[in-house]
Amino acid sequence: GAGVSQSPSNKVTEKGKDVELRCDPISGHTALYWYRQRLGQGLEFLIYFQGNSAPDKSGLPSDRFSAERTGESVSTLTIQRTQQEDSAVYLCASSSGGRVQPQHFGDGTRLSIL
Amino acid sequence: DAKTTQPTSMDCAEGRAANLPCNHSTISGNEYVYWYRQIHSQGPQYIIHGLKNNETNEMASLIITEDRKSSTLILPHATLRDTAVYYCIVRLNNNDMRFGAGTRLTVKP
């Protein structure tokens, strides 16, 4: 079946602009995660959605970052007033929600801030 | 708060078994060990996970020591396409997966 889909695959924008990144999880997956990966580094957790529960936002680096998810479907990650340090690959993952279920990742959105 | 330790890099000859070690000496009794890999320009790919028993699937085998303080991921017949960064992760619950630096495996012809 279809995996996690992210769009756009690449985004180049000017410093100060807002950007919106989209994630389509695997159908039926109740859990959804956003991560950031800077060049040559490991993954940095940003936010986690589980069903209708309040999201875990503990990884968001600043109030310029926000994310939404409607039900168990699409999620959008928004970065306002982008800065050059926001340049990274933003990865989305979903899982079926069980405590031990593995996460399945999309190929990410490569964001470049000029 | 790194919970796992992996070698920075390893080489393996094509067709041979690749054995990737991971130390997780502070693992708790109900924490699982997960392995992912990341090939350049792609998202991480789930490989396998286990609690205390050895596990095998179509991609790899996972050997966990009896005291659960370390584990080894085995790719039985490495191919050039297995060249990637391999991450060992210890995870208690469904919240974030704390990926460390991983092991960069290079499979050589």
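Residues numbered from 1 in each chain as written. Chains lettered and ligands numbered in written order. Predicted model: local features only at pLDDT ≥ 70, side-chain atom pairs only at ≥ 80, totals over all residues. Heavy atoms only, no water.

Note that His49 of chain B resides in strand β4 (residues 45–50). Once you skip the residues sitting within four places of it in the chain, His49 of chain B turns out to touch Val100 and Pro102 of chain A together with Tyr32, Val33, Tyr34, Glu55 and Leu62 of chain B. Only 2.6 Å separates the side chain of His49 of chain B from the side chain of Tyr46 of chain B, close enough to count as a polar contact. (Helix = DSSP H or I, 4+ residues; strand = E, 2+ residues; numbered from the N terminus. Contact = heavy atoms within 4.5 Å. Polar contact = N/O pair within 3.5 Å; in protein donor to acceptor, adjacent residues only side chain to side chain.)

Grouped together as the largest cluster of nonpolar side chains are 21 residues, with contacts concentrated most on Trp35, Leu73, Tyr86 and Leu105 of chain B. If you list the elements that add at least two residues to this core, you get β2 (18–23), β3 (32–38), β4, β6 (61–64), β7 (70–75), β8 (84–91) and β9 (103–108) of chain B. It is β8 of chain B that contributes the most residues to this core, four residues altogether. Counting residues in each nonpolar core, the second largest holds 20 residues, with Val4, Ile26, Cys92 and Ile113 of chain A among its members. (Core = buried A, V, L, I, M, F, W, Y, C linked by side-chain atoms within 4.5 Å. Buried < 20%, exposed > 50% of the residue type's maximum accessible area, 1.4 Å probe, protein only.)

With that settled, the discussion passes to the sheet that holds β9 of chain B. Residue and element names in this part refer to chain B. Reading across from one edge, β1-β9-β8-β3-β4 is the order of the five strands in this open sheet, with mixed pairing throughout. Each of the sheet's edge strands pairs with one partner strand only, and the pair in question is β1 (9–13) and β4. Within this sheet the neighbouring strands show an average axis-to-axis angle of 25 degrees, counted without direction. Across five bridges, the pairing between β1 and β9 is parallel. When the bridges of β9 are listed, Asp11 appears paired with Thr106. (Pairing = 2+ DSSP bridges. Axes fitted to C-alpha atoms, helices over the stretch in contact; angles between N-to-C directions.)

The next thing to look at is the side chain of Gln6 of chain B. All names here are of chain B. Mapped onto the elements of the fold, Gln6 is located in the segment before β1. Using a relative accessible area of 16% as the deciding quantity, one classes Gln6 as buried. A polar contact is formed between the side chain of Gln6 and the backbone oxygen of Tyr86, at a distance of 2.9 Å. From its side chain, Gln6 meets the backbone nitrogen of Cys88 in a polar contact 2.9 Å long. In contact with Gln6, other than residues within four places in its own chain, are Pro21, Cys22, Trp35, Tyr86, Tyr87, Cys88, Gly102 and Thr103.

Here the focus is the sheet that holds β2 of chain B. Residues and elements named next belong to chain B. Spatially, β2-β7-β6-β5 is the arrangement adopted by the four strands of the open sheet, whose pairing is antiparallel. Every other strand in the sheet has two partners, leaving β2 and β5 (55–56) as the edge strands with one partner each. In terms of strand pairing, β2 meets β7 through six bridges, oriented antiparallel. Paired with Cys22 across the bridge in β7 is Ser71.

This brings us to the state of the cysteines. Joining two cysteines, a disulfide is a covalent bond between their sulfur atoms. All names here are of chain A. Applying the stated criterion to the full structure yields two disulfides over all chains. Here Cys23 pairs with Cys92 through a disulfide, and the sulfurs are 1.9 Å apart. On the S-S bond that ties Cys23 to Cys92, the torsion sits near -65 degrees, and the link is left-handed. Taken together, the residues span a long stretch of sequence, with Cys23 in strand β3 (residues 19–24) and Cys92 in strand β8 (residues 88–95) at a distance of 69 residues. By relative accessible area, which is 0% here, Cys23 ends up buried. For Cys92, a relative accessible area of 0% puts it in the buried group. (Disulfide = S-S within 2.5 Å.)

Once that is clear, we can look at the interface of chain A and chain B. As a measure of interface size, the accessible area lost when the parts come together is often cited. Contacts between the two partners involve 24 residues from chain A and, on the opposite side, 21 residues from chain B. Approximately 1700 Å² of surface area, both sides summed, lies buried where chain A meets chain B, with 48% of it carried by carbon and sulfur atoms. Linking chain A with chain B are zero salt bridges. For the pair chain A and chain B, the number of links is four residue pairs in polar contact (both at pLDDT 80 or more). In the side of chain A that touches chain B, the residues fall into 10 nonpolar, 10 polar and four charged. (Buried area = accessible area lost by both parts, 1.4 Å probe. Salt bridge = Lys/Arg side-chain N within 4 Å of Asp/Glu carboxyl O. Nonpolar A, V, L, I, M, F, W, Y, C, P; charged D, E, K, R; others polar.)

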